[in-house]
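Chain and residue survey
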Amino acid sequence: MTVLSCDRSQSVGSRARGDMVCAPVSVLSVLLCWCLAVRGEGLWEAGEDPSVLRAEESPYGSLWPLPRSVQSSAECLFLSPDSFSIVHGSGSTAGPSCVLLEDAFRRYYEYIFGYSKRKNVPINKELGELLQLQVIITSRDNDCHKYPSISSDESYKLNVNGSAAVLQASQVWGALRGLETFSQLVEQDDIGLFRINYTQISDTPRFAHRGILLDTSRHYLPLKTILLNLDAMAFNKMNVFHWHIVDDQSFPYESITFPDLSKKGAYNPFTHIYTFTDVRLVIEYARLRGIRVVPEFDSPGHTESWGAGQPGLLTPCFKGEELSGTYGPVNPILNDTYNFMSQFFKEISKVFPDKYIHLGGDEVDFSCWKSNPDVCKFMADHGFGTDYTKLESYYIQLLLRIITSYSKGYMVWQEVFDNNVKVRTYLLMDILSI
């Protein structure tokens, strides 16, 4: 078999993914455009349009992010859309019943060949042809039918050196990252031939949490846009979708237990909500790409949109001795508040399978609490004096007990710690218990 020497220094990859996301749909689109622009170590010249990508020399072609270890040769093999396939390798613990990998095989075949307008260019067999990518999962606990977690193994090894390339990973999450890397290695030349250099890669992520936050309360995002962002995250091997789903401005999450929250708190209760089916679709779409979905339901502040659908939840504000007609943060002195939170987060813990829920806790405005005589009496009765961070701490700790009762861990914003809310010890215990 004759092997052709291929110069890949001018490669930006065979996929036109930059064209798909550079018409900005969110902040992640900007990130992806930047990633695609610099992945070949090139930067924009002054005055150039950053959405127009250009190739620059790089010894690693279009690999992004750069794997831990890469060895690449100038020799290459050719691929034909008619004869190349991605298959389960011999000895793999995953097979055709692994829907996650079956879906990934189909998806990455389309990524490699689907965007090209020239697919039927004949290959000279003497130049060397790559016929298969064999995917081998080595761990008995391959996670095929599970959700990704903070402890998921995303390491993989990829070897392209003959008619059958081999991608080996302990769990399916590493195989997903390896498939992304393989797709980035495949290029299409000027005459339409698909090719890949002889390459050996060993890779594992440096950070277990590589996430993007989307705020769907201040700016409602259509379901299609969220799915597109999940695709872009997978292209960049990110693995956590932090879904800041509700806030002051709107409550688009359609609760089964408390349907009035979205009926009265969403921008539009019919067009600007995420139904149970929508949420499950996002979670499964993310799972198939090795992405966790961590929801954020922020309290006690940032809860104005909660008040219309759950009367009595928010603190009534006073102006002098009279009610002002406005409302502040969640009312932390009522038993009904914690009964509601217990029922609400019981639902959330079932809907979202990830082991963690983000509870917010930032930017709590104490002025309304200070104006309310009942809250002031509660402060005095509990020996809090005039330190309202102690009242915040009281609320947060009771909320954390509710969350841990459903075997969930939790995240909070830095400001919670800045206010000396005592959650750090509980946090460590929760992580150890999961």
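Residues numbered from 1 in each chain as written. Predicted model: local features only at pLDDT ≥ 70, side-chain atom pairs only at ≥ 80, totals over all residues. Heavy atoms only, no water.

**Quick word on the packing of helix 5 (residues 223-235) against helix 7 (residues 276-287)**
Taken N-terminus to C-terminus, the directions of helix 5 and helix 7 make an angle of 15 degrees; their axes are 10 Å apart at the nearest point. Judged by the inter-axis angle, helix 5 sits roughly parallel to helix 7. Seen from above, helix 5 lies across helix 7 with right-handed handedness. Residue-level inspection shows Leu223, Ile226, Leu227, Leu230 and Asp231 of helix 5 in contact with helix 7, the latter providing Asp278, Leu281, Val282, Tyr285 and Ala286. (Axes fitted to C-alpha atoms, helices over the stretch in contact; angles between N-to-C directions. Helix = DSSP H or I, 4+ residues; strand = E, 2+ residues; numbered from the N terminus. Parallel < 35°, antiparallel > 145°, perpendicular 65-115°, else oblique. Left-handed = near helix turned anticlockwise from the far one by under 90°. Contact = heavy atoms within 4.5 Å.)

**What about helix 12 (residues 388-405)?**
The terminal C-alpha atoms of helix 12 lie 26 Å apart, and with 18 residues this matches the ideal 26 Å at 1.5 Å per residue to within 8%. Buried within helix 12 we find Tyr388, Thr389, Leu391, Glu392, Ser393, Tyr395, Ile396, Gln397, Leu399, Leu400, Ile402 and Ile403. One or two steps after helix 12, the chain reaches Ser407, where phi turns positive at roughly 60 degrees. (Expected span 1.5 Å × (residues − 1). Buried < 20%, exposed > 50% of the residue type's maximum accessible area, 1.4 Å probe, protein only.)

**Here's the deal with empty space enclosed by the protein**
Tallied over the full model, the rule gives six cavities of 30 Å³ or more. Size it by volume and the largest cavity reaches roughly 70 Å³. Around the largest cavity, the lining residues are Tyr147, Pro148, Ile283, Ala286, Arg287, Ile291, Arg292, Val293, Pro353 and Asp354. Among the elements of the structure, helix 7 and strand 11 (292-296) are those that each provide at least two residues to the lining of the largest cavity. (1 Å grid on protein atoms, 1.4 Å probe; cavity = no way out; pocket = protein on both sides within 12 Å on 5 of 7 lines; lining within 4 Å. Points joined across faces, edges and corners; volume = space filled by probe spheres on them.)

**Here's the deal with the pattern of salt bridges**
Across all of its chains, the model carries 13 salt bridges by this definition. A salt bridge links Lys146 to Asp143; its shortest N-O distance comes to 3.8 Å. For Asp143, a relative accessible area of 9% corresponds to the buried category. Note that Arg195 and Glu187 form a salt bridge whose closest N and O atoms lie 3.3 Å from each other. Linked by salt bridges that have partners in common, Asp103, Arg106 and Arg107 make up one network. (Salt bridge = Lys/Arg side-chain N within 4 Å of Asp/Glu carboxyl O.)

**Quick look at the nonpolar core**
The biggest cluster of nonpolar side chains holds 51 residues, and the ones touching the most others in it are Tyr253 and Phe344. Elements that contribute at least two residues to this core include exactly strand 9 (211-215), helix 5, strand 10 (240-244), helix 7, helix 9 (335-351), helix 12 and helix 13 (414-418). Here the element with the most residues in this core is helix 9; it accounts for seven residues. In this structure, Ile112, Tyr156, Ala175 and Leu288 belong to the second largest nonpolar core, which totals 41 residues. (Core = buried A, V, L, I, M, F, W, Y, C linked by side-chain atoms within 4.5 Å.)

**Describing the environment of Asp298**
For Asp298, the position within the fold is in the loop between strand 11 and helix 8 (304-307). Along the chain, Asp298 and Ile357 lie 59 residues apart, while their C-alpha atoms are 10.0 Å from each other. Apart from the residues within four sequence positions on either side, Asp298 is in contact with Thr303, Trp306, Leu359, Gly360, Gly361 and Asp362. There is a polar contact of 2.7 Å between the side chain of Asp298 and the backbone nitrogen of Gly361. (Polar contact = N/O pair within 3.5 Å; in protein donor to acceptor, adjacent residues only side chain to side chain.)

**Observations concerning the pairing of strand 11**
Summarising burial for strand 11: five of the five residues are buried, a large majority. Of the two faces of strand 11, the one lined by Arg292, Val294 and Glu296 and the one lined by Val293 and Pro295 are each fully buried. Where strand 10 lies against strand 11, five bridges are found, and the strand directions are parallel. Looking at strand 11, one finds that Trp243 is bridged to Pro295. (Pairing = 2+ DSSP bridges.)

**Concerning the confidence of the model for the protein chain**
Overall, the predicted model of the protein chain reaches an average pLDDT of 87, with 83% of residues at or above 70. Overall, residues 8-27 carries pLDDT values under 50, and its contacts beyond four positions in sequence, including any with other chains, amount to 58 contacts. The low-confidence segment residues 33-48, where pLDDT is below 50, has 34 contacts with residues more than four positions distant or belonging to other chains. (pLDDT = per-residue confidence, 0-100.)

**Points about the state of the cysteines**
Throughout the structure, instances matching the rule amount to two disulfides. The disulfide partner of Cys98 is Cys144, and the S-S distance across this bridge is 2.0 Å. When the S-S torsion is -100 degrees, as for the bridge of Cys98 with Cys144, the disulfide is left-handed. Remark: Cys144 occurs in the loop between strand 4 (132-137) and strand 5 (156-160) and Cys98 occurs in the loop between strand 3 (85-88) and helix 3 (99-113); sequence separation between them is 46 residues. With respect to class, Cys98 is no different from Cys144; both count as buried. Put simply, Cys317 and Cys368 are joined by a disulfide, and their sulfur atoms are 2.1 Å apart. Where Cys317 bonds to Cys368 through sulfur, the torsion about that S-S bond is close to -115 degrees, and the disulfide is left-handed. With Cys317 in strand 12 (residues 314-319) and Cys368 in helix 10 (residues 367-371), this residue pair connects regions lying 51 residues apart in the sequence. (Disulfide = S-S within 2.5 Å.)

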